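These are the residues of each chain, in order.
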Amino acid sequence: MARYNPKAVEPKWRAAWDRADAFRAETGSAKPKYYILEMFPYPSGQLHVGHARNYAMGDVVARFKRARGFNVLHPMGWDAFGLPAENAAAERGVDPGVWTGENIVRMREELKRLGLSLDWSRELATCDPEYYGRQQAWFLKLLERGLVYRKEGLVNWDPVDMTVLANEQVVDGRGWRSGALVERRKLNQWFLRITDYAEELLEGLKTLDRWPDKVRLMQENWIGKSQGLRLTFRFAGHPDPALGDGVTVYTTRPDTLFGASFVAVSPDHPLAAHLAARDPAVAAFIARARQGGTSEADIEAAEKLGWDTGVRVAHPFDKSKKIPVWIANFVLMDYGTGAIFGCPAHDQRDLDFARKYGLSVIPVVLPSGEDPASFHVKQEAYVDPGRIYNSEFLDGLDVESAKAAAVARAEAEGIGEGATVYRLRDWGVARQRGWGCPVPIVHCGACGVVPVPADQLPVLLPEGLDFSRPGNALARHPTWKHTTCPSCHGPAERETDTLDTFVDSSWYFARFADPHAEPPIDKAAADYWLPVDQYIGGVEHAVLHLLYSRFITRALTDEGMLSVREPFAGLFTQGMVTHETYRRQSGEWLEPGEVAIRVEGATRRAYVGVTGEPVVIGEAEKMSKSKRNVVAPADIADSYGVDAARIFVLSDSPPERDVQWTSAGVEGAWRLINRIWAEFDEITADPPSLSEPDAGLQLRRATHKAIKAVTEAIEGFRFNSAIARLYEFVAAVREARLSAGPAHVRREALSALARLIGPFAPHLAEECWQALGEQGLLALAPWPPWDPSLTDDDERVLPVQINGKRRGEVRAPAGASAGEVEKLVFENEEIAKRLEGVTVRKVIVVRDRIVNLVVA
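Quick caveat, the model's predicted, so the values are computed rather than measured. (Residues numbered from 1 in each chain as written. Predicted model: local features only at pLDDT ≥ 70, side-chain atom pairs only at ≥ 80, totals over all residues. Heavy atoms only, no water.)

1. Here we look at the overall build of the protein chain
Across its full length, the protein chain holds 26 helices and 37 strands. Projected onto its principal axes, the C-alpha coordinates of the protein chain cover approximately 100 × 85 × 65 Å. Per-residue burial over the protein chain gives 53% buried out of 856 residues. For the protein chain, the proportion of contacts with a sequence separation of at least 24, taken over those separated by at least 6, is 71%. (Helix = DSSP H or I, 4+ residues; strand = E, 2+ residues; numbered from the N terminus. Buried < 20%, exposed > 50% of the residue type's maximum accessible area, 1.4 Å probe, protein only. Contact = heavy atoms within 4.5 Å.)

Right, here's the structure in full:
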């Protein structure tokens, strides 16, 4: 038989799958459904091996489930709106739609080359009016229900890119792309009321038992439910009647109220704004305080800055005690009330602030065993349990009891109330960008904000947008924004903001149920397919995309468009593919293909391949175009075929961990492919005949054990373990061939081997299937079953523990009695040495599992 040739084999089988339309999903099939989905890609123009790993994982599951008798939906689309297309338009003078379309064509062909079992009949792109027009339709439905609203709010404004930035896009107070100092501005923005669903989103996490614990925890923390006390510190001497009676704070530690030494308000608090309008020094401080990062992580890490306003408030439970009010950069206006009281003794942030500005530190929680007369806090706040002291009516209570007592007293005196607060804020969805989904709203001088009627959707993006200057190309288009009011038919202007691209990705999985339906979602099709049985994507999307999708699913279900509340029943977050980075001495990044690696003694050195110039080898990092450490699957396919690339990215490490790309790794995968192909070189045409119970028993056991092990590994997302078992099975098949075992047993083994490699190396598997003389496509063949009587070992290896610590092991016949096992244990020389000089009090034998010895 000819040498395995992936350049000829792989295109042949991709063409065969296309002719058979092998991967088209059938809505309403009598088979059990299985919806497998990877997070869809941005069409940047080229796949790298990191993409290949993500999509290969999903393809393994899709092919496996199809072979197991499921009706599989495995679709693909494009998250196609966003800033990169605008950047390309600005830098290259191209239309972003044309640039995006060309990239989609290129990447579609690259994905097809990977041999992915995708239903391309359901392909969609978020920049297609057929998609974003339906998005506008459901957006207006949510507007009717009050889940969409417009308000003036403080935003992060990049004065160079001239757009609103999310907190996560502000790095050290500067725009992530432009590097400009970010300004805090008040703008009218569109919001979605995700906070209406805060409690349900939190409770729903408890049902997601096939999600990683770390992702559920991240979402729980992002929602940030807390229970505490909202109360007012009344002004001691009224600064201005317009400001009310005092400063209202929210606290989760009302037990520490008697340790209060200051009240702090956000730089965006009305009190701060009031004082800044009258005092330039206050205004200058606020401007400085706003220059740092705006995310909670940035604020926590930043230097604590404060300004004593001169305003004083009375302690709510001790009116004789006057407390200073500060403006502090670490207080967030959009959490709680935008004001806190500081108890430095029992909060590290407050303690750091107090030490910096010379404020008092009053301990009120006494650790167990400490003397109240001598206990004091130094440089580390005390945050653990204890008894309350120095706190009048709370003295002697534990922390939780003191919290309840403080809330009860505040409510009884009418100065506060118990409150549940969420850290989650409503979702600001407006972006000042031209390449996005237009907000379907018209602004009329007479009628105000007017929704675009359903029969006038979609609101299309215009042609000829000018991206040569920063800012919103829609806003400066000469004609697009000018329109007629749908209500009074007078002159009006379209909303020029577009929707956050997270909106686009918040429902695409539902549109895949029928991407050509007239309504946004075909409910019958969605009822059949949803929820997604297995979702796969990067952990970097653990919060925003996944949380927004969970919210929109609930909102659309309440609108009657869907019937599920959780969109993704199972979630898997894969690791990244990394590669060394290379730089010239000047700092210029180099691609791996431009670098030659040499081993000089015990040292690896790198040189520019053409000139011999020394190169700095950097750490292995996530593949990134900016650092040019990208390896394209096409490069590997040209040398080894895509099946080798698939096997490497799936076999080198557990799929949830990062994997470092190496040429040696893919060469190892290529050797496995050739070992497998070699086993199909001499195949008997004899039909299977399994009536001889002893013939080739060792190979039959190896075959059925391999089927069981690979099946369980795929079901457990242990793809690297599955491939490791395939290595072992190939060795067993080869050994049986060399020893000339029975032909029909070998054929059974090869039939199983072809099907077992199908999810991992589908092109090779089809070629092996054809070599066996099997009819039809292996992609549509059933998964091989295993015989439990052939997978159970006659012998068990039992660990032996002595007083709970493993001290050895014994081999015992399967099902051996406790007496038989005990005899083997005491006859074992290693165990016997461990038992010298001790008395065995008890022997516990768990059949076929473990032996425990209790000794004294």
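2. Quick notes on unusual backbone geometry
Going from Leu457 to Pro458, the amide bond is cis rather than trans, its omega being 0°. Note that Pro458 resides in the loop between β22 (448-451) and β23 (482-484). Here the bond from Leu530 into Pro531 is cis, since omega is 5°, no more than 30 degrees from zero. Along the chain, the position of Pro531 falls in the loop between α15 (523-529) and β26 (534-538). With phi around 65°, His489 is a residue other than glycine that occupies positive phi space. For His489, the position within the fold is in the loop between β23 and β24 (491-494). His489 sits in the exposed class, given a relative accessible area of 61%.

3. Here we look at the side chain of His545
Considering the arrangement of structural elements, one finds His545 in helix α16 (residues 544-558). Excluding residues that lie within four positions of it along the chain, His545 makes contacts with Met39, Phe502, Ser505, Tyr508 and Tyr535.

4. Points about the environment of Pro11
Structurally, Pro11 is set in helix α1 (residues 6-20). According to the relative accessible area criterion, Pro11 is partly exposed, its value standing at 38%. For the pair Pro11 and Lys112, spaced 101 residues apart in the sequence, the C-alpha separation amounts to 9.8 Å.

5. Regarding the sheet that holds β23
The 4 strands are arranged β22-β21-β24-β23 in an open sheet whose pairing can be described as antiparallel. Of all the strands in the sheet, just β22 and β23 have a single pairing partner and so form its edges. Adjacent strand axes in the sheet meet at a mean angle of 40° when their direction is disregarded. In terms of strand pairing, β23 meets β24 through 3 bridges, oriented antiparallel. Within the sheet, the bridge partner assigned to Thr483 lies in β24 and is Ala492. (Pairing = 2+ DSSP bridges. Axes fitted to C-alpha atoms, helices over the stretch in contact; angles between N-to-C directions.)

6. Focus on helix α5 (residues 129-144)
Compared with the 22 Å implied by 1.5 Å per residue over 16 residues, the 22 Å span of α5 between its first and last C-alpha is a close match. Those residues of α5 that fall on the buried side of the exposure criterion are Tyr131, Tyr132, Gly133, Arg134, Gln135, Gln136, Trp138, Phe139, Leu140 and Leu142. Capping the start of α5, Asp128 holds a side-chain oxygen 2.9 Å from the backbone nitrogen of Glu130, two or three residues further along. Within two residues after α5, Gly146 carries a phi angle of roughly 85°, on the positive side. (Expected span 1.5 Å × (residues − 1). Polar contact = N/O pair within 3.5 Å; in protein donor to acceptor, adjacent residues only side chain to side chain.)

7. A look at the sheet that holds strand β12 (residues 262-265)
The strand order β13-β14-β12-β15 describes an open sheet built from 4 strands, whose pairing is mixed. Pairing within the sheet leaves two strands with one partner each, and these edge strands are β13 (306-314) and β15 (339-342). Strand after strand, the sheet turns through a mean of 30° between neighbouring axes, direction not considered. Two strands pair when backbone bridges link them, and β13 and strand β14 (residues 322-328) are joined in this way by 6 bridges, in the antiparallel orientation. From the neighbouring strand, Asp308 faces β14, where its bridge partner is Trp326. Taken strand by strand, helix α9 (residues 280-289) contacts β13 and β14, and its axis lies near 115° from that of β13. Where helix α11 (residues 348-357) meets the sheet, its contacts fall on β12, β13, β14 and β15, and the angle it forms with β15 comes to roughly 70°.

8. Quick word on the state of the cysteines
Taken as a whole, this structure holds 0 disulfides when the rule is applied. The cysteine Cys127 is free of any disulfide, with Cys437 supplying the nearest cysteine sulfur at 11 Å. By relative accessible area, which is 0% here, Cys437 ends up buried. (Disulfide = S-S within 2.5 Å.)

9. Thoughts on the pattern of salt bridges
For the structure shown, the criterion picks out 44 salt bridges. Between Glu600 and Arg605 there is a salt bridge, with the nearest N and O atoms lying 2.9 Å from each other. Glu600 gets classed as partly exposed once you look at its relative accessible area, which sits at 31%. Looking at Arg605, the relative accessible area reads 39%, which means it is partly exposed. Note that Arg725 and Glu728 form a salt bridge whose closest N and O atoms lie 2.9 Å from each other. With Arg725 and Glu728 both in helix α21 (residues 719-738) and 3 residues apart, this pair spans about one turn of that helix. The exposure class of Glu728 is partly exposed, given its relative accessible area of 49%. (Salt bridge = Lys/Arg side-chain N within 4 Å of Asp/Glu carboxyl O.)

10. Some details on a nonpolar patch on the surface
Together, Ile844, Val846 and Val854 make up a nonpolar patch on the protein surface, roughly 190 Å² of accessible area in all. Along the chain, Val846 falls in strand β36 (residues 840-846). (Patch = residues over 30% accessible without salt bridge, like charges linked within 9 Å, V, L, I, M, F, W, Y side chains within 5 Å. Areas by Shrake-Rupley, 256 points an atom, 1.4 Å probe, with all protein chains shown as cover.)

11. Quick notes on the packing of helix α7 (residues 213-223) against α16
Relative to each other, α7 and α16 sit at 75°, their axes nearing to 10 Å. Here α7 lies roughly perpendicular to α16, going by the angle between them. Along its contact with α7, which presents Val215, Gln219, Trp222 and Ile223, the element α16 presents Leu544, Leu546, Leu547 and Arg550. Considering only residue class, the contact of α7 with α16 consists of 6 nonpolar, 1 polar and 1 charged. (Parallel < 35°, antiparallel > 145°, perpendicular 65-115°, else oblique. Nonpolar A, V, L, I, M, F, W, Y, C, P; charged D, E, K, R; others polar.)

12. Here we look at the packing of aromatic side chains
Under the counting rule described, the total for this entry stands at 36 aromatic pairs. Plain terms: the ring middles of Trp427 and Phe551 are 6.4 Å apart, the flat faces sit at 70° to each other, and that makes the pair edge-to-face. Here Trp427, found in strand β19 (residues 427-428), pairs with Phe551, found in helix α16; they are 124 residues apart in sequence, far enough to count as distant. As far as the burial class goes, Trp427 and Phe551 line up, both buried. In textbook terms, an aromatic cluster arises when at least three aromatic residues are bridged by ring pairs, as seen for Phe40, Tyr508, Phe509, Phe512, Tyr535 and Phe568. The ring of Tyr149 carries the charged tip of Arg193 above its face, separated from the ring centre by 4.0 Å. (Phe/Tyr/Trp six-rings, centres within 6.5 Å; stacked < 30°, edge-to-face > 60°. Lys NZ or Arg CZ within 6 Å of the ring centre and 35° of its normal.)

13. A look at the packing of helix α22 (residues 743-757) against helix α23 (residues 762-771)
Direction vectors running N to C along α22 and α23 enclose 155°, while the axes themselves pass 8 Å from each other. Here α22 is positioned roughly antiparallel relative to α23, judged by the angle of their axes. Classified by chirality, the crossing of α23 by α22 is left-handed. Mapping the contact onto sequence places Ser751, Ala754, Arg755 and Ile757 in α22 and Pro762, Leu764, Ala765, Cys768 and Trp769 in α23. (Left-handed = near helix turned anticlockwise from the far one by under 90°.)

14. Overview of the pairing of strand β35 (residues 805-813)
Bridge analysis of strand β34 (residues 795-802) against β35 gives 8 bridges, and the strand direction is antiparallel. From the neighbouring strand, Val797 faces β35, where its bridge partner is Arg811. Turn length for the β34-β35 hairpin, with the two strands adjacent in sequence and antiparallel, is 2 residues, and the turn residue Asn803 shows positive phi of about 50°.

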